[in-house]
Amino acid sequence: RSWDVALAWADRVTLEFHAQGDREAAAGLPISPLCDRKNSPPVPTSQVGFINFVLLPYFKALGEIMPSLHVRLLPQLEENLQHWKALAAEAAAAPP
């Protein structure tokens, strides 16, 4: 996805995760990972982890059997990863 689309979807997913965590807390259930709005990592940090541990391995493996996808998708994914890393570094450097 282009950076603007990736950013918009990350925001939407985060809102949905936090809404789920709110419902879990209200029901007295344990809050699922990344769903606790008070204790979740910043969005850029979670996106870096998601890309590194889920998306990159998936698309690299997929690229071995479908090289055309690899050529089209991997560069955009790596570009988005660099955007998220820069935002994560800014967040880490910001005073609390």
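Residues numbered from 1 in each chain as written. Predicted model: local features only at pLDDT ≥ 70, side-chain atom pairs only at ≥ 80, totals over all residues. Heavy atoms only, no water.

### What about the nonpolar core?
For step 1, the next point in the chain: Core analysis: the biggest nonpolar cluster contains nine residues, these being Trp 3, Ala 10, Val 48, Ile 51, Leu 56, Leu 74, Leu 77, Leu 81 and Trp 84.
For step 2, the next point in the chain: Ranked by residue count, the leading element in this core is helix α3 (residues 67–93), at four residues.
For step 3, the next point in the chain: Filtering out sequence-adjacent residues up to four positions away, Leu 77 remains in contact with Ile 51, Leu 55, Leu 56 and Phe 59. (Core = buried A, V, L, I, M, F, W, Y, C linked by side-chain atoms within 4.5 Å. Buried < 20%, exposed > 50% of the residue type's maximum accessible area, 1.4 Å probe, protein only. Helix = DSSP H or I, 4+ residues; strand = E, 2+ residues; numbered from the N terminus. Contact = heavy atoms within 4.5 Å.)

### Some words on helix α2 (residues 43–65)
For an α-helix, 3.6 residues make a turn, and residues three or four places apart therefore share a direction.
For step 1, the next point in the chain: Between its first and last C-alpha atoms α2 spans 31 Å; for 23 residues at 1.5 Å apiece the expected length is 33 Å, and the two agree.
For step 2, the next point in the chain: The largest bend in α2 is about 40°, located at Ile 51.
For step 3, the next point in the chain: Three or more residues of α2 are buried, namely Pro 44, Ser 46, Gln 47, Val 48, Ile 51, Leu 56, Leu 62 and Gly 63.
For step 4, the next point in the chain: Tucked inside the fold, the buried residues of α2 contact α1 (3–26) and α3. (Expected span 1.5 Å × (residues − 1). Bend = angle between axes of the 7 residues up to and from the residue.)

### A word on the confidence of the model for the protein chain
For step 1, the next point in the chain: Averaged over all residues, the pLDDT of the protein chain equals 93, while 100% of them reach at least 70.
For step 2, the next point in the chain: When pLDDT is averaged over each element of the protein chain, α1 comes out on top at 96 and α3 at the bottom at 91. (pLDDT = per-residue confidence, 0-100.)

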